[in-house]
Amino acid sequence: MPLHLDARQRAMLEEMHVRVWWPQEPEPAPAAAAAAAAAAAEAPATRVPAAAPAPAPAVVARAAPAVPAPAPVPTPRQERADEGRSAAIAAMDWSALQQAVAGCEACKLCSTRKNTVFGVGPAAPEADAPPRADWLIVGEAPGEQEDLRGEPFVGQAGKLLDNMLRAVGVSRHGDAKAAPQSAFIVNVLKCRPPGNRNPALDEVAQCEPFLKRQIALLQPKIILAVGRFAVQSLLADSVADVQTVPLGRLRGKVYRYAGVPVVVSYHPAYLLRSLPEKAKAWADLCLAMETAETLKSR
Ligand code: URA
């Protein structure tokens, strides 16, 4: 599919250090040039630095612990309770699911969170119905700002994610004029792990039924899993020993989760710290876009 990139998208790609060939455009007339300069000034996040590279934005990196936190071993009684809870969540409609997440006390994160973070995307057409989203982006867990606002990816990493998505015509706001495709954005965990530590296995296990039901209700054309926690959650049934496979080796293939195609990419917070990987993330987005397009035309 040919890519039609406007000036803003090209600036974004340059910021991502991605080189794409496009035909030369004629010199703009003076009035058009002034308008373009004004538009660029409105988009500081996508501007290309003039000479010296801008200092890296302050990002709170999640420290990788030497040993993952062990999951408590569930008793048979606990296992039965968990199965009952999962079955109840699997039968929920969109608004019941939102309420269940908002009131969840299944793990200790409920005692430290300020807000649950259900997800964000286009408005739902009716109260009980899920929104229509072409893409589902799955990240790791809310950070400090997400916990305060109750919305995923609102910090620096979120800005980068939004810019990258916009470059391929995808937006979390479902505004067809700004971007033809809509995205719903969620995390594996709906509550913030204190101090931005990595999610623990039992926390991921308790949140998993929520993510599963979100996917079943949204039925996106494509899932983009960003970062290793999203990848490990979504590929657990399709890749043997997925926890031991480096994320870079899982890229470039289309997997399935409950029948929905899944593409693997790097976490935006990692991309902010690792410029060379941005070009790979662009390739991942292109694979996701092609996959979503191919399915659409079937
Ligand atoms: N990182 C994530 O994985 N999710 C967020 O919502 C914010 C940062």
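Reading the values: rules and limits
Residues numbered from 1 in each chain as written. Predicted model: local features only at pLDDT ≥ 70, side-chain atom pairs only at ≥ 80, totals over all residues. Heavy atoms only, no water. Pairing = 2+ DSSP bridges. Helix = DSSP H or I, 4+ residues; strand = E, 2+ residues; numbered from the N terminus. Contact = heavy atoms within 4.5 Å. Axes fitted to C-alpha atoms, helices over the stretch in contact; angles between N-to-C directions. Near = heavy atom within 4 Å. Polar contact = N/O pair within 3.5 Å; in protein donor to acceptor, adjacent residues only side chain to side chain. Areas by Shrake-Rupley, 256 points an atom, 1.4 Å probe, with all protein chains shown as cover. Nonpolar A, V, L, I, M, F, W, Y, C, P; charged D, E, K, R; others polar. Parallel < 35°, antiparallel > 145°, perpendicular 65-115°, else oblique. Left-handed = near helix turned anticlockwise from the far one by under 90°. Core = buried A, V, L, I, M, F, W, Y, C linked by side-chain atoms within 4.5 Å. Buried < 20%, exposed > 50% of the residue type's maximum accessible area, 1.4 Å probe, protein only. pLDDT = per-residue confidence, 0-100. Phe/Tyr/Trp six-rings, centres within 6.5 Å; stacked < 30°, edge-to-face > 60°. Disulfide = S-S within 2.5 Å. Salt bridge = Lys/Arg side-chain N within 4 Å of Asp/Glu carboxyl O.

Engineer: Where do I start with the sheet that holds strand E5 (residues 254-257) in this structure?
Structural biologist: One open sheet accounts for six strands, arranged E2-E3-E1-E4-E6-E5; its pairing is mixed. Strands at the two margins of the open sheet, each flanked by one partner only, are strand E2 (170-171) and E5. Bridge analysis of strand E1 (residues 135-139) against strand E4 (residues 222-226) gives four bridges, and the strand direction is parallel. Within E4, the residue paired with Trp135 across the bridge is Ile222. Helix H6 (residues 156-167) rests against E1, E2 and strand E3 (181-187) of the sheet, and its axis sits at about 155 degrees to E1.

Engineer: Help me out: how do you make sense of the site of the ligand in this one?
Structural biologist: Taken together, nine residues form the shell around the ligand, and within it Glu140, Ala141, Phe153, Asn187 and His267 come nearest. Asn187 places a polar side-chain atom, nitrogen or oxygen, 2.8 Å from a nitrogen atom of the ligand. The protein chains hide 94% of the 230 Å² of surface that the ligand would expose on its own. Of the residues assigned to the shell around the ligand, the class counts are three nonpolar, three polar and three charged.

Engineer: Explain the packing of helix H3 (residues 76-90) against helix H7 (residues 201-218) to me, please; I cannot follow it from the model alone.
Structural biologist: Taken N-terminus to C-terminus, the directions of H3 and H7 make an angle of 20 degrees; their axes are 9 Å apart at the nearest point. Overall, the two elements H3 and H7 adopt an arrangement that is roughly parallel. Viewed along their axes, H3 and H7 form a crossing whose handedness is right-handed. On the side of H3, the interface is formed by Asp82, Arg85, Ser86, Ile89 and Ala90, while H7 contributes Gln206, Pro209, Phe210 and Arg213.

Engineer: What am I meant to see in the nonpolar core here?
Structural biologist: Here is a general trend for soluble globular proteins: nonpolar side chains tend to be buried in one another's company. Ranked by internal contacts, the top residues of the largest apolar core, which has 70 residues, are Trp135, Ile137, Val138, Ile223 and Leu235. A total of eight residues in this core trace back to one element, the largest contributor, which is helix H11 (residues 277-296).

Engineer: Please explain the confidence of the model for the chain as it appears in this structure.
Structural biologist: Low-pLDDT portions of the prediction should not be read for the details of their coordinates. Overall, the predicted model of the chain reaches an average pLDDT of 83, with 75% of residues at or above 70. Low pLDDT, under 50, characterises residues 22-61; the stretch is placed with 28 contacts to residues that sit more than four places away or in other chains. Across residues 63-67 the pLDDT falls below 50, and counting only partners more than four positions away or on other chains, this stretch makes four contacts in the model.

Engineer: Help me understand the packing of aromatic side chains in this model?
Structural biologist: Here the distance between the centres and the angle between the planes together describe a pair of aromatic rings. The full count for this structure, using the stated rule, is three aromatic pairs. Between Trp94 and Phe118 the ring centres are 5.1 Å apart and the planes differ by 80 degrees, which places this aromatic pair in the edge-to-face class. On the criterion of sequence distance, the pair formed by Trp94 in helix H4 (residues 94-102) and Phe118 in the loop between H4 and E1 is long-range, its members being 24 residues apart. Take Trp94: its relative accessible area is 3%, and that puts it in the buried class.

Engineer: Even after reading the chapter, I still don't get the state of the cysteines, so can you show me in this structure?
Structural biologist: Covalently bonding the sulfur atom of one cysteine to the sulfur atom of another cysteine gives a disulfide. For the structure on display, the rule yields zero disulfides. Note on Cys191: no disulfide assigned, nearest cysteine sulfur contributed by Cys207 at a separation of 6.2 Å. Residue Cys191 is classed as buried on the basis of its relative accessible area, which comes to 8%.

Engineer: Sorry if this is basic, but what is going on with the pattern of salt bridges here?
Structural biologist: For side chains of opposite charge, pairing can occur when their charged atoms come near one another. Applying the stated criterion across every chain yields a total of nine salt bridges. Residue Asp202 is joined to Lys108 by a salt bridge in which the shortest nitrogen-to-oxygen separation is 3.9 Å. On the criterion of sequence distance, the pair formed by Asp202 in helix H7 and Lys108 in the loop between H4 and E1 is long-range, its members being 94 residues apart. Here Arg197 makes a salt bridge to Glu203, at a shortest N to O gap of 2.7 Å. The class of Arg197 is partly exposed, set by a relative accessible area of 30%. Overlapping salt bridges, with partners in common, bring together Lys108, Arg197, Asp202 and Glu203 in one network.

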